[in-house]
Amino acid sequence: MRSRESLVRLKEFQVKEKRRQLSQLQMMMSEFDRMSKELESQIAIEEKKSGISDPGHFAYPTFAKAARQRADNLQVSIRELKVQQDAAELSLEEAEAEFAKAAALEVRDSAVRLRA
């Protein structure tokens, strides 16, 4: 009986941990998206200031070129985090199902103990 209680606590902890990981991934994605938008704004300002918007032009601003590369890198990171988020969501669903199963067994055991 004691081991069931421990199992329920373990499964509950796993569910909380999976939710925390998923939350962190979502926060990172939103932060990267914010940073990317900020860089795009800075790029537009720099291009307007220089009058050159073609990255292939020899006089294209160095700052804009570097900022564009960083924004592109952030978008790649966001896509990679999205894949991790999808995996984390599946993992959370599995952990929640295991927790529900363990909790149901604990409830059943408690009912049996009360009747005895």
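Here the structure is a predicted model, which is why all the values come from computation and not from measurement.

A. Looking closely at the overall build of the chain. In terms of helices and strands, the chain carries 2 helices and 0 strands. The C-alpha atoms of the chain give 25 Å as radius of gyration, which overshoots the globular expectation for 116 residues (13 Å, by more than 25%). Counting only C-alpha atoms and orienting by the principal axes, one finds that the chain spans roughly 85 × 15 × 15 Å. Per-residue burial over the chain gives 23% buried out of 116 residues. The long-range share in the chain, meaning contacts at least 24 apart out of those at least 6 apart in sequence, stands at 77%. Carbon and sulfur atoms provide 57% of the accessible area of the chain, an area that totals close to 8200 Å². Seen as two clouds, the 21 positive and the 20 negative side-chain charges of the chain have centres 6 Å apart.

B. Summary view of the nonpolar core. Ranked by size, the top nonpolar core spans 9 residues in total: Val-15, Leu-22, Leu-25, Met-29, Ile-78, Leu-81, Ala-88, Leu-92 and Ala-95. Of all the elements in the fold, those that place two or more residues in this core are helix H1 (2–50) and helix H2 (62–115). Considering each element in turn, this core owes the most residues, 5 residues, to H2. Beyond its immediate sequence surroundings of up to four residues, Val-15 is in contact with Leu-92, Ala-95, Glu-96 and Phe-99. Membership of the second largest hydrophobic core comes to 8 residues, among which are Ile-52, Tyr-60, Ala-67 and Ala-71.

C. Representation of the pattern of salt bridges in the model. All chains considered together, the criterion is met by 10 salt bridges. Where Glu-17 meets Arg-20, a salt bridge forms, and the shortest distance between an N and an O atom there is 2.3 Å. Of this pair, Glu-17 and Arg-20 both sit in helix H1, separated by 3 residues, roughly a single helical turn. When its relative accessible area of 38% is taken as the criterion, Arg-20 is described as partly exposed. Lys-37 serves as the salt-bridge partner of Asp-33, at 3.3 Å between the closest nitrogen and oxygen. One end of the pair, Asp-33, and the other, Lys-37, are both in helix H1, 4 residues apart, so they sit about a helical turn from each other. We classify Asp-33 as partly exposed; its relative accessible area is 29%. One salt-bridge network, held together by shared partners, links Glu-31, Arg-34 and Glu-38.

D. Region of interest: the environment of Ser-53. Positionally, Ser-53 belongs in the loop between H1 and H2. Spatially, the C-alpha atoms of Ser-53 and Lys-101 are 59 Å apart, while their sequence positions differ by 48 residues. Those residues in contact with Ser-53 that lie beyond four places of it in its chain are Glu-47 and Tyr-60.

E. Structural detail: the environment of Val-8. As for its position among the elements, Val-8 is in helix H1. When its relative accessible area of 15% is taken as the criterion, Val-8 is described as buried. Along the primary structure Val-8 and Ala-100 are separated by 92 residues, whereas in three dimensions their C-alpha atoms are 8.6 Å apart. Look past the residues within four positions of Val-8 in its chain and what remains in contact with it is Phe-99, Ala-102, Ala-103 and Glu-106.

Here is what the cut-offs are and how they apply
- Residues numbered from 1 in each chain as written.
- Predicted model: local features only at pLDDT ≥ 70, side-chain atom pairs only at ≥ 80, totals over all residues.
- Heavy atoms only, no water.
- Helix = DSSP H or I, 4+ residues; strand = E, 2+ residues; numbered from the N terminus.
- Rg over C-alpha atoms; globule rule 2.2 N^0.38 Å.
- Buried < 20%, exposed > 50% of the residue type's maximum accessible area, 1.4 Å probe, protein only.
- Contact = heavy atoms within 4.5 Å.
- Areas by Shrake-Rupley, 256 points an atom, 1.4 Å probe, with all protein chains shown as cover.
- Lys, Arg positive; Asp, Glu negative; His and termini not counted.
- Charge placed at Lys NZ, Arg CZ, Asp CG, Glu CD.
- Core = buried A, V, L, I, M, F, W, Y, C linked by side-chain atoms within 4.5 Å.
- Salt bridge = Lys/Arg side-chain N within 4 Å of Asp/Glu carboxyl O.

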